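Here is what each chain is made of, one letter per residue.
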Amino acid sequence: MAEADSKPISIFVVVMMDGGPSRWISANSNDTIKSVHYQIREVFGIPLTLQKIYCFGKRLEWCQTLKECSIKNYARLQVVLRKDGVTRQNSSEALNLVSQIRAMCQRKSVAFDYGCISNKIRDLFSILRQQTMFLLVTLPRSFVTLYENIEEIGDAVIRFFLDSLLKMMLAKGWLDKCASILTRLCVDLGSYHGDGSHLYLLCRTHLTELFEKGNYKINFEYLEDPITSILIIFRELAESLSRDLDRRATPSSGIQYVRDFKAFSLVLCNTIHLRVDSALQYYLRFERTFSDLLSKTEAYLANFEHFSYMESAYCGYSQYLTILKALHVISKLCKSSEERFWNVLRNKRLSLLELIAKSTDRTNDHLWLLERKDVMDSKSRMHLAMMMMTVKRIHDVELYEMLVWSEKLDANLYMAFKNQQITNREVQQYWLRQLCGAIFNPQKSLFLACPNDPKRFYPNPAIEPKALDLECFKFVGKLVAIALMSEIQIGVAFAHVFLMQLAGRRKISLEDVRDLDPSLHSWCKEIIDGEFIDSEVLEFPEALLGCQWRTELSYVNSKSSREAYVDHLIQHRFVASISEQVSFFIQGFDSVFGTSIGKLLSVKGLELEDLNESLCGYVITTTLQLDNKSNPLMSRFPKAWQFPKIHDAKLYEMLIVWSKNLSKNLYMQFKNQQVTDPGVLQHWLCKLCGAIFNPQKPFP
């Protein structure tokens, strides 16, 4: 019955400003005022948030109908802009220009040329202000209509509009506003012409660049529902990415639009977190897309080990880490999906670690991988942290300066390497290890080894360092920096207490020194927990530290005062007494590395022990032929460094005769490979070890 009473009416709408435009719009008497607001937005390009509609001096509310407001045929409505809207003198001129451009784009004839409409656009951009930028939101749909009717002119107009918009953004910095308008244009182009349109791809590429400039956090102030708009483009990118993953012909074949997919994924998730309380409702709209891409990426990681030895193929592998980063951000919208994502990486851990080692660079942020410690190993965590640091390049002159200084440390060692090319990696590795042997020699007493782990060292707190000693600590800092930057394992690790101070943590507890000095730790525990202090207990600090500490201890009575005494003793013994050594070590490290060691060790997700794993690792003695002339060190081990040459025939004999009996699948995988190639050889040997030492395959 209500529909039968509805009658079509015409309403005259006037925008209340000097020279403001006016138009007739059509409606039904039962239409709501809300629908009129939407029509005004379509006709005049005024956002809903800026409109206030009046009739006979009374403001009309959204929920009312035209009939309830007594609005009849040929009624007159006034549109008043809010105070935070357009109030400048040129607003009416801009509004009129937008109306003219839209009217021209609706024509299906070629009565005007490209110059006519481009001049209007140029005039519009010349008078636009920050408050009138919203007027551009209605133009994209008109441009797309023009492109449909007259493709050649429409193409030129859209390109001219894009160039003008981006130039204005660069000049005035209105990134969020430009991103809103460009998103609208991209959505309209995609809906009319599909995702294969060259204009659509151009627009989407520009939008990706804007997102990157805004660090993927965009305030879409001119879009009423930015999540839906971004989701449309995201789904199209996800479908394209899924098809590429399906038809990937070779391991190294590139995947298109990975950069765009990452940008839209991050912006979509950031916008959801910014605008809604519950992200789950939006996640459900693209959960299937996430699951599909995660499954296909998991399949890639499962196959990665079969071609990971192909060094030439690594050029495209970093794309998969970019895809994983985007999926990681999406997974955070739902707790169960996040756990599923990390389970995939955990199950494919070995492939992931190899992928990280081969494909990470300094152009991408992969620190998100450090969120879960059980997914990464120490070497990979340090590698990622290093990739995110601003690291200096090691110049040859710095290496030779260190070589010259090393004569003060060990003259024989200097003579052994002074004529060697220490910029060569093998020579450099051998040189650094020999230096460590000289520096951490117990007879030099600069460093002490932990009683329970002779490979862990810390500065000797019992010595008063001289100028040369401090220079030596600076030298060690440089040595460690070079070892990290060159990824050379030198067979030396540092005590946790020393690493804490390098990281800037000056507060050391009693438990922290347990491994450094077990006797002192036990004595301190006895002080704290004992009922009384006898003469034997008092003798220990005097023998170790001097009579001052014995005298101070004799006045300690309560448990709290004993704890304070022990704390003061620990800070003196293991912090204050080595503060100079720590300072010089840091100076040396920072001078070579370019970034402070404190900043490196404070990377979220990185553990102090990761530094030790990178420096110590499993050191393998390698063959190195140094020039024996003027080389006194060579006489120490002339035969230990000589190994027979491995002939190709022996390798193929192992492959064909023996490994076939061990694993037929392994034999089939490598029978056509060139096992004499170092990369293939390394991969083959690793596979053999995995088969031989498999717990499920016991040998008789």
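The structure presented is a predicted model; accordingly, all values stated were derived computationally and were not measured.

*Asks:* Teacher, can you tell me more about the overall build of the chain here?
*Replies:* Helix and strand counts for the chain come out as 31 helices and 8 strands. Once local pairs closer than 6 in sequence are excluded, the contacts in the chain between residues at least 24 apart make up 71%. Summed over its atoms, the accessible surface of the chain is roughly 34,400 Å², and 51% of this surface lies on carbon and sulfur atoms.

*Asks:* What exactly am I supposed to notice about helix α14 (residues 335-347) here?
*Replies:* Relative to the 18 Å expected for 13 residues at 1.5 Å per residue, α14 spans 18 Å between its end C-alpha atoms, a close match to the ideal helical length. Every buried residue of α14 is listed here: S337, E338, F341, W342, V344 and L345. Relative to the axis of α14, the buried residues are bounded by an arc of 150 degrees and lie together on one face. Counted as exposed and oriented over 90 degrees from the buried face of α14: K335, S336 and N347.

*Asks:* I keep staring at the side chain of Q78 and nothing clicks. Help me out?
*Replies:* One can find Q78 in strand β5 (residues 75-81). Contact partners of Q78, with chain neighbours within four places excluded, come to V14, M16, K52, I53, Y54, C55 and F56.

*Asks:* What is the right way to read the sheet that holds strand β1 (residues 8-15) from this model?
*Replies:* The strands that make up a sheet pair up through hydrogen bonds in the backbone, lying either parallel or antiparallel. Read from one edge of the open sheet, 5 strands run β2-β1-β5-β3-β4, paired in mixed fashion. Strand pairing shows two members of the sheet lacking a second neighbour, β2 (22-28) and β4 (58-59), which therefore form its edges. Along the sheet, helix α2 (residues 33-44) contacts β1, β2, β3 (51-55) and β5; its crossing angle with β2, the most-contacted strand, is approximately 145 degrees.

*Asks:* Which parts of the structure should I look at to understand the sheet that holds strand β7 (residues 453-459)?
*Replies:* In space, the 3 strands of this open sheet follow the order β6-β7-β8, with mixed pairing throughout. Among the strands making up the open sheet, the edge pair consists of β6 (447-450) and β8 (493-494). Pairing of β6 with β7, which is carried by 4 bridges, proceeds in the antiparallel orientation. Paired with A449 across the bridge in β7 is F457.

*Asks:* What's the story with the environment of L446 in this structure? I'm lost.
*Replies:* Locating L446 in the fold gives a position in the loop between α19 (425-439) and β6. Remark: the alpha-carbon pair of L446 and E464, spanning 18 residues in sequence, is separated by 9.9 Å.

*Asks:* What is the right way to look at the packing of aromatic side chains in this model?
*Replies:* The relation between two aromatic rings is expressed through the spacing of the ring centres and the mutual angle of the planes. The full count for this structure, using the stated rule, is 25 aromatic pairs. Seen from their ring centres, W24 and Y74 are 5.9 Å apart, and the 85 degrees between their planes marks the pair as edge-to-face. Placement of W24 in strand β2 and of Y74 in the loop between β4 and β5 is noted, with a sequence separation of 50 residues between them. You'll find W24 and Y74 in the same group, each marked exposed. Between F440 and F457, the aromatic rings sit 4.8 Å apart at their centres with planes inclined by 40 degrees, giving tilted as the arrangement. Residue F440 is located in the loop between α19 and β6, and its partner F457 is located in strand β7; the two are separated by 17 residues in the primary sequence. Each member of the pair, F440 as well as F457, carries the same accessibility label: buried.

*Asks:* Teacher, can you tell me more about unusual backbone geometry here?
*Replies:* Residues other than glycine predominantly adopt negative phi, and peptide bonds predominantly adopt the trans conformation. Even without being a glycine, F56 presents a positive backbone phi close to 55 degrees. Structurally, F56 is set in the loop between β3 and β4. Exposure remark for F56: the relative accessible area of 76% places this residue in the exposed category. A positive phi angle is found at E487, which is not glycine, with a value near 55 degrees.

*Asks:* What is the right way to look at the nonpolar core in this model?
*Replies:* Generally speaking, a soluble globular protein has its nonpolar side chains buried in company with each other. Core analysis: the biggest nonpolar cluster contains 213 residues, and L136, F161, F211 and L345 have the highest contact counts within it. The greatest single-element share of this core, amounting to 11 residues, is contributed by helix α20 (residues 467-486). The residues contacting L345, other than those within four sequence positions of it, are L301, L324, L352, W368, L369 and V375. Among the nonpolar cores identified, the runner-up in size contains 6 residues, and L662, L666, F670 and A691 belong to it.

*Asks:* In this structure, what is going on with the confidence of the model for the chain? I would like to understand it.
*Replies:* Predicted coordinates in areas of low pLDDT are best not read in detail. Model confidence for the chain is summarised by a mean pLDDT of 79, while 79% of its residues fall at 70 or above. pLDDT under 50 marks residues 308-315. Its contacts with residues more than four places away, or in other chains, come to 13 contacts.

*Asks:* What am I meant to see in the packing of α19 against α20 here?
*Replies:* The description of two helices packed together rests on the angle between their axes and the distance between the axes. Where α19 meets α20, the closest approach of the two axes is 11 Å, and the angle between their N-to-C directions is 145 degrees. Between α19 and α20 the crossing geometry is left-handed. Residue-level inspection shows R425, Q428, L432, L435, C436 and I439 of α19 in contact with α20, the latter providing F475, V476, L479, I482, A483 and S486. Of the residues contributing to the contact of α19 with α20, the split by class is 9 nonpolar, 2 polar and 1 charged.

So, how was this worked out
- Residues numbered from 1 in each chain as written.
- Predicted model: local features only at pLDDT ≥ 70, side-chain atom pairs only at ≥ 80, totals over all residues.
- Heavy atoms only, no water.
- Helix = DSSP H or I, 4+ residues; strand = E, 2+ residues; numbered from the N terminus.
- Contact = heavy atoms within 4.5 Å.
- Areas by Shrake-Rupley, 256 points an atom, 1.4 Å probe, with all protein chains shown as cover.
- Expected span 1.5 Å × (residues − 1).
- Buried < 20%, exposed > 50% of the residue type's maximum accessible area, 1.4 Å probe, protein only.
- Arc of directions from axis to C-beta.
- Pairing = 2+ DSSP bridges.
- Axes fitted to C-alpha atoms, helices over the stretch in contact; angles between N-to-C directions.
- Phe/Tyr/Trp six-rings, centres within 6.5 Å; stacked < 30°, edge-to-face > 60°.
- Core = buried A, V, L, I, M, F, W, Y, C linked by side-chain atoms within 4.5 Å.
- pLDDT = per-residue confidence, 0-100.
- Left-handed = near helix turned anticlockwise from the far one by under 90°.
- Nonpolar A, V, L, I, M, F, W, Y, C, P; charged D, E, K, R; others polar.

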